[in-house]
Amino acid sequence: MISHITIDQRDIAYDSRAQQAALSVTVHHRDGATEASLLVMDPGQVELYAIQLGQAIAKRKSAQEETAR
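These lines cover the structure that appears in this document, whether it is placed above or below. (Residues numbered from 1 in each chain as written. Predicted model: local features only at pLDDT ≥ 70, side-chain atom pairs only at ≥ 80, totals over all residues. Heavy atoms only, no water.)

**Considering the overall build of the protein**
Each helix and strand in the protein was counted, giving one helix and four strands. Its helices and strands taken in sequence order, the protein reads β-β-β-β-α from the N to the C terminus. Relative to the 2.2 N^0.38 estimate, which gives 11 Å for 69 residues, the radius of gyration of the protein is 16 Å and therefore markedly larger than a compact globule would have. Principal-axis analysis of the C-alpha atoms gives the protein an extent of 45 × 35 × 20 Å. (Helix = DSSP H or I, 4+ residues; strand = E, 2+ residues; numbered from the N terminus. Rg over C-alpha atoms; globule rule 2.2 N^0.38 Å.)

Following this line, the structure appears as structure tokens:
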């Protein structure tokens, strides 16, 4: 059973012919095993995740500024 997935520290690949982006990830299993895999996204998913990650970054920055006060 999978416990979680982490993003690898590698550049994202984009296949213009397939119009897909691929992000290297590591799948972590509850028994401690891991395996390499890819998160494949279509253009709409890439745009959605870009927006959501931008929101997460803004929330983190706001929380850090609040803590610094």
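Moving on, there is more to tell.
**Some remarks on helix H1 (residues 43-68)**
Look at H1: 37 Å from first C-alpha to last across 26 residues, which is about the 38 Å you get at 1.5 Å a residue. Here H1 starts with a cap whose side-chain oxygen sits 3.0 Å from the backbone nitrogen of glycine 44, and that cap is aspartate 42. (Expected span 1.5 Å × (residues − 1). Polar contact = N/O pair within 3.5 Å; in protein donor to acceptor, adjacent residues only side chain to side chain.)

**Description of the side chain of serine 24**
Mapping serine 24 onto the fold places it in strand E3 (residues 20-29). In contact with serine 24, not counting residues within four places along its chain, are Ile7, Asp8, Arg10, Ser37 and Leu38. (Contact = heavy atoms within 4.5 Å.)

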